[in-house]
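Structure at a glance
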Amino acid sequence: MVIKTRALAKSYGKIIAVDGMNLDIEEGEIFGLLGPNGAGKTTLISMLCTILKPTSGRAWVNGFDIVKEPSKVRKSIGIVFQQPSVDDLLTGRENLSMHNLLFGVPRELRKQRIEEVLAIVNLEKRADDLVNTYSGGMRRRLELARGIMHHPKILFLDEPTLGLDPQTREHIWDYIKELAEKECMTVLLTTHYMEEAEQLCDRVAIIDYGKIVALDSPQTLKNRIVGDIVKLKQKNPDKEKIRKLDYVMNVQEKDGLLFISIKDASKHLQDLLAHTGQIDSVEVRSGTLSDVFMYYTGREIREGEAEGGFWERMMKK
């Protein structure tokens, strides 16, 4: 396992941010952490990056103990911050050159590595332009290039596409997939975009109140927990009667609507409607990772819950 935690915990007085977490992440995985603001996901990553020390428990990154061997951990990882962190007054190439020096890339390899990462993120033609002329998507691509300059074994991405438009987000997803494959890296990311987690991640962990409440591939989680979603508008629904049907996985009522998770709607929908009595309207759709998140946490995750500026605040301490 390239990342392993055992009973890892972090508390601040009576507040428990990470609560005895056990996690195994395999080499080459793209692994996502999902959770509402304050769930503990960024605290977990900050411990794995050696920015914070755990209160108790142990963790290993690339085989190195995060407390006993922090310098070796740091040499093994790359980080892309949530907020822009490249220097606007330098060119893209100059930003990468400075990163080469900071991470001790051998002199004979520096130029080669810069050209390689610029090609990977498709910035060769803008490499000698000042970063303050870059679009948001170009800055993100430059940060990805900088994060892999020193060939890290693990790349940490904190909300990598926050604030980008949908088209640019999809392009960044493509770059992340390509980076993971070409560089043979493990990627650990936090995100509040459910579609990002579904498209990018081999596995995801849903974290709530410092604990992992679900962990598996997005598709497996959807199949196991959600199935298909039937949305009913009905006066005084008999929820207990519906819950007793053997193909019903979950029943929730919200805003006057009944949301019923069932196995194989094409097979069971007619029987379900026969048990619900008179209804005003019905809609059917496939389950999503957002539905899984709602099932485990009892709430939706929204863009406003992104934990803006966390890394920058930590680095200033």
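What this report covers is the structure whose coordinates are included nearby.

Thresholds applied
- Residues numbered from 1 in each chain as written.
- Predicted model: local features only at pLDDT ≥ 70, side-chain atom pairs only at ≥ 80, totals over all residues.
- Heavy atoms only, no water.
- Pairing = 2+ DSSP bridges.
- Helix = DSSP H or I, 4+ residues; strand = E, 2+ residues; numbered from the N terminus.
- Contact = heavy atoms within 4.5 Å.
- Axes fitted to C-alpha atoms, helices over the stretch in contact; angles between N-to-C directions.
- Buried < 20%, exposed > 50% of the residue type's maximum accessible area, 1.4 Å probe, protein only.
- Arc of directions from axis to C-beta.
- Parallel < 35°, antiparallel > 145°, perpendicular 65-115°, else oblique.
- Left-handed = near helix turned anticlockwise from the far one by under 90°.
- Nonpolar A, V, L, I, M, F, W, Y, C, P; charged D, E, K, R; others polar.

1. Overview of the sheet that holds strand β1 (residues 3-12)
Paired through their backbone hydrogen bonds, the strands of a sheet run either parallel or antiparallel. Here four strands make up an open sheet; going across it, the order is β2-β1-β4-β5 and the pairing antiparallel. Each of the sheet's edge strands pairs with one partner strand only, and the pair in question is β2 (15-25) and β5 (64-65). The sheet contact formed by strand β4 (residues 56-61) and β5 spans two bridges and is antiparallel. Residue Val61 lies in a different strand from β5, and its bridge partner there is Phe64. Seen against the sheet, helix α1 (residues 41-48) touches β1, β2 and β4 and runs at an angle of roughly 115 degrees to β1.

2. Description of the sheet that holds strand β14 (residues 281-286)
In space, the four strands of this open sheet follow the order β12-β13-β11-β14, with antiparallel pairing throughout. Looking at strand neighbours, the two that pair on one side only are β12 (248-254) and β14, the edges of this open sheet. Between one strand axis and the next, the sheet turns through 20 degrees on average, direction left out of account. Judged from the six bridges that link them, β12 and strand β13 (residues 257-262) form a sheet pairing that is antiparallel. Residue Lys254 lies in a different strand from β13, and its bridge partner there is Leu257. The strands touched by helix α8 (residues 218-226) are β11 (228-233), β12 and β13; relative to β12, the strand with the most contacts, the crossing angle is about 80 degrees.

3. Quick look at α8
All buried positions along α8 are accounted for by Pro218, Leu221, Lys222, Ile225 and Val226. Seen end-on, α8 carries its buried residues on one side only, within an arc spanning 100 degrees. Where α8 ends, the next residue or the one after it, Gly227, has phi of about 65 degrees, a positive value.

4. Focus on the packing of helix α5 (residues 136-147) against helix α6 (residues 166-182)
Their axes nearest at 10 Å, the elements α5 and α6 cross at an angle of 15 degrees. On the basis of the axis angle, α5 is roughly parallel to α6. Helix-helix and strand crossings are classified by hand; for α5 and α6 the assignment is right-handed. Within the contact between the two elements, α5 uses Gly137, Arg140, Arg141 and Leu144 and α6 uses Thr168, Ile172, Tyr175, Ile176 and Leu179. For the contact of α5 with α6, the residue count by class is five nonpolar, two polar and two charged.

Purely geometric stuff here, so don't read any function into it on its own.
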